[in-house]
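Listed here are the chains, written in short residue letters.
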Amino acid sequence: MCPYFYATQEVFGNMTPELGGDAIGQWCFHGEKLPFPPCRFWAFSMHRTDWIGSGGIHLEDGLTMASLDKGLFPDFIRYEKDAHGLIFVIFTHRMVQRV
């Protein structure tokens, strides 16, 4: 069972003047048992029913933050004011591929 925690948006925008470019997103996690660096996450859009981005977990001034590394602004714009339907799937263990 996953422990309960929630996120608040800290930063949201885009990297280029064109609205079709990369998104900038950062969320702060709140709760008792939070993911820890170097965990990674994938962002899933319930509206598009598709994976729309990925990023990493890091600590900043004692806070647990999730920062978007890859994602397009048009895919995230609907979540600028309301994150309903945006799901973060957090990987707490490094995935190892064996050959």
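Residues numbered from 1 in each chain as written. Predicted model: local features only at pLDDT ≥ 70, side-chain atom pairs only at ≥ 80, totals over all residues. Heavy atoms only, no water.

What follows covers a nonpolar patch on the surface. A cluster of nonpolar side chains, namely Val11, Met15 and Ile24, defines an oily patch on the protein surface of about 250 Å² accessible area. With respect to the helices and strands, the residue isoleucine 24 is situated in strand β2 (residues 23–31). (Patch = residues over 30% accessible without salt bridge, like charges linked within 9 Å, V, L, I, M, F, W, Y side chains within 5 Å. Areas by Shrake-Rupley, 256 points an atom, 1.4 Å probe, with all protein chains shown as cover. Salt bridge = Lys/Arg side-chain N within 4 Å of Asp/Glu carboxyl O. Helix = DSSP H or I, 4+ residues; strand = E, 2+ residues; numbered from the N terminus.)

Within the largest apolar cluster, 15 residues are counted, with the highest numbers of intra-cluster contacts made by Ile52, Ile57, Leu68, Phe76 and Leu86. When contributions to this core are tallied by element, the ones reaching two or more residues are β2, β3 (40–45), β4 (50–60), β5 (63–71) and α1 (73–76). If you tally residues by element for this core, the top one is β2, at three residues. Those residues in contact with leucine 86, other than ones at most four positions away along the chain, are Trp27, Ala43, Phe44, Ile52, Phe76 and Tyr79. (Core = buried A, V, L, I, M, F, W, Y, C linked by side-chain atoms within 4.5 Å. Buried < 20%, exposed > 50% of the residue type's maximum accessible area, 1.4 Å probe, protein only. Contact = heavy atoms within 4.5 Å.)

Next up on the list: the pairing of β2. Where strand β1 (residues 5–14) and β2 come together, nine bridges link them in antiparallel fashion. Considered in β2, the bridge of phenylalanine 5 is made with glycine 31. As paired elements, β2 and β5 share four bridges and run antiparallel to each other. Bridge pairing in β5 links cysteine 28 to methionine 65. (Pairing = 2+ DSSP bridges.)

The tally for this structure, following the rule as stated, stands at seven aromatic pairs. With centroids separated by 6.3 Å and ring planes inclined at 80 degrees, the aromatic side chains of tryptophan 42 and tryptophan 51 adopt a geometry described as edge-to-face. Joined through ring pairs, the aromatic side chains of Phe5, Trp27, Phe29, Phe41 and Phe88 make up one cluster. (Phe/Tyr/Trp six-rings, centres within 6.5 Å; stacked < 30°, edge-to-face > 60°.)

Applying the stated criterion across every chain, the model contains three salt bridges. Where aspartate 75 meets arginine 48, a salt bridge forms, and the shortest distance between an N and an O atom there is 2.3 Å. One end of the pair, aspartate 75, is in helix α1; the other, arginine 48, is in the loop between β3 and β4, with 27 residues separating them in the sequence. The exposure class of arginine 48 is partly exposed, given its relative accessible area of 39%. Through salt bridges with shared partners, one network takes in Arg48, Asp50 and Asp75.

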